Amino acid sequence: MKKAGPVAILLLLAARVLAQNPPTTREMNLICWQEFQEIVPKNIETVLLPVGTLEPHGVLPNGSDNLAPEAMARELAPRLNALIAPTLNYGVTGSMQAFPGAFAISEEAYELFIRDILRGLAGNGFKNIVILNGHGGPQTAILKRVSASVSPQQKVRILVINWWSLASEETFEVFGENGGHAGINETAYIQHIVPEHVHKERYSKEMTTPYPAGTSWSAEPFPSSIGLYEPGQGFPTFDAAKADEYFAKVNAKVETLIRDVIRKWDLAGLYR
Ligand SMILES: [Zn+2]
């Protein structure tokens with residue numbers, strides 16, 4: 001074998017240093033194009049895209065569906081060696097859009113917009129796009145549909161995660177009961193992030209309504225901003241220690257799923 005010259009050794013060392021050194025920032029909002037060019041996709045193949053909406057959440061911020069996946073992305077990006085795309089703060093709000101400060105994008109507009117965001121991320125060289133979704137309703141179906149069409153077109157791997165649903169076991173583990181929209185689980189996750197914006201003094205049980213079972217009833221607008229998954233369970237408790245515990249457990253669950261899916265994509269050699 002031919003001996004490596006000093007230039008080759010230097011290049012190898014430089015590549016190793018780059019691989020070991022984290023980027024100056026993991027936020028696409030803050031990184032400059034030169035650094036982006038150096039690291040994507042050579043050192044960083046994954047991008048986390050937080051998406052949510054503005055809608056009422058009991059006594060939590062209206063932007064809770066944005067704050068949760070954004071905090072999750074900041075927590076997980078270094079652990080997964082990923083960059084973080086700017087949060088899509090506007091979404092398809094649905095039956096709570098009548099509440100003050102809420103905002104609803106039409107399904108048609110949302111679908112076109114999120115499609116172009118995914119295409120843009122693929123075009124910028126990312127191999128894995130992980131959508132951290134903070135909001136349910138029709139938005140989840142749109143994200144699934146758009147991912148299914150963009151992935152084969154762009155030959156990019158896309159994972160959509162609805163954290164509150166993925167972490168259902170963790171909700172039972174930490175609180176011993178089921179949660180809800182702005183219920184005990186979401187309140188805890190948000191309380192860990194912005195405790196100063198959780199207004200316990202405004203809370204009463206009257207603000208809650210259990211979601212209807214099956215097709216028994218529906219109401220537009222939904223009469224409460226706290227929707228319980230099961231009657232009699234999931235009332236917020238504002239326990240700070242449990243909030244911290246829940247935040248960590250949810251993130252660990254999400255991290256495990258992302259690692260597993262990427263590892264299996266790699267094993268299968270899909271879109272490499
Ligand atoms: Zn929410």
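Residues numbered from 1 in each chain as written. Predicted model: local features only at pLDDT ≥ 70, side-chain atom pairs only at ≥ 80, totals over all residues.

1. Overview of the overall build of the protein
Counting its regular elements, the protein contains 9 helices and 7 strands. In terms of principal-axis extent, the alpha carbons of the protein reach across some 75 × 40 × 35 Å. Across the 272 residues that make up the protein, the buried fraction comes to 40%. Summarising the internal contacts of the protein: among those between residues at least 6 apart in sequence, 76% fall at separations of at least 24. (Helix = DSSP H or I, 4+ residues; strand = E, 2+ residues; numbered from the N terminus. Buried ≥ 20, exposed ≤ 12 C-beta atoms within 10 Å, placed from the backbone. Contact = placed C-beta atoms within 7 Å.)

2. Structural notes on the sheet that holds strand E3 (residues 128-133)
Strand order across the open sheet formed by 4 strands is E2-E1-E3-E4, with parallel pairing between neighbours. In this open sheet, the two edge strands, each paired with only one partner strand, are strand E2 (82-84) and strand E4 (157-162). Here the strands of the sheet are splayed against their neighbours by 25° on average, with no regard to which way each runs. Relative to E3, strand E1 (residues 46-51) runs parallel, the two being bridged by 6 bridges. Looking across to E3, one finds that proline 50 is bridged to leucine 132. (Pairing = 2+ DSSP bridges. Axes fitted to C-alpha atoms, helices over the stretch in contact; angles between N-to-C directions.)

3. Section: helix H5 (residues 138-154)
Taking 1.5 Å of rise per residue, the 17 residues of H5 would be expected to cover 24 Å, and the 24 Å separating its terminal C-alpha atoms lies within 8% of that figure. Every buried residue belonging to H5 is among Gln139, Leu143, Val146 and Val150, and all of these are buried. On its buried side, H5 packs onto helix H4 (107-123), E3 and E4. Positive phi appears at lysine 155, one or two residues downstream of H5, with a value of about 50°. (Expected span 1.5 Å × (residues − 1).)

4. So, the nonpolar core
Of all hydrophobic cores here, the largest spans 60 residues; its most connected members are Val47, Leu48, Leu49, Ile129, Ile131, Leu132 and Trp163. With 8 residues, the top contributor of residues to this core is helix H3 (residues 64-80). Excluding residues that lie within four positions of it along the chain, isoleucine 131 makes contacts with Leu49, Val51, Leu143, Ile158, Val160 and Ile161. (Core = buried A, V, L, I, M, F, W, Y, C linked by C-beta atoms within 7 Å.)

5. A short note on the environment of leucine 48
Among the secondary structure elements, leucine 48 is positioned in strand E1. Taking the number of C-beta atoms within 10 Å as the measure of exposure, leucine 48 has 30 and is therefore buried. Note: C-alpha distance between leucine 48 and isoleucine 131 (83 residues apart in sequence) is 6.0 Å. Not counting chain neighbours up to four residues away, the residues in contact with leucine 48 comprise Ala73, Leu76, Ala77, Ala82, Ile84, Ala85, Val130 and Leu132.

6. Points about the sheet that holds strand E6 (residues 208-210)
The strand order E5-E7-E6 describes an open sheet built from 3 strands, whose pairing is mixed. Strands with a single pairing partner mark the edges of an open sheet, and in this sheet they are strand E5 (180-181) and E6. Of the pairings in the sheet, the one linking E5 to strand E7 (residues 226-228) comprises 2 bridges and is antiparallel in character. Residue pairing in the sheet places histidine 181 in a bridge with glycine 227 of E7.

7. Quick notes on the packing of helix H7 (residues 168-175) against helix H9 (residues 240-268)
Where H7 meets H9, the axes come as close as 10 Å, and the angle between the chain directions of the two elements is 155°. Between H7 and H9, the interaxial angle falls into the category roughly antiparallel. In terms of crossing hand, the pair formed by H7 and H9 is right-handed. Contact with H7, carried on its side by Glu170, Glu173, Val174 and Phe175, involves Lys242, Glu245, Tyr246, Lys249, Val250 and Lys253 of H9 and no other residues of that element. (Parallel < 35°, antiparallel > 145°, perpendicular 65-115°, else oblique. Left-handed = near helix turned anticlockwise from the far one by under 90°.)

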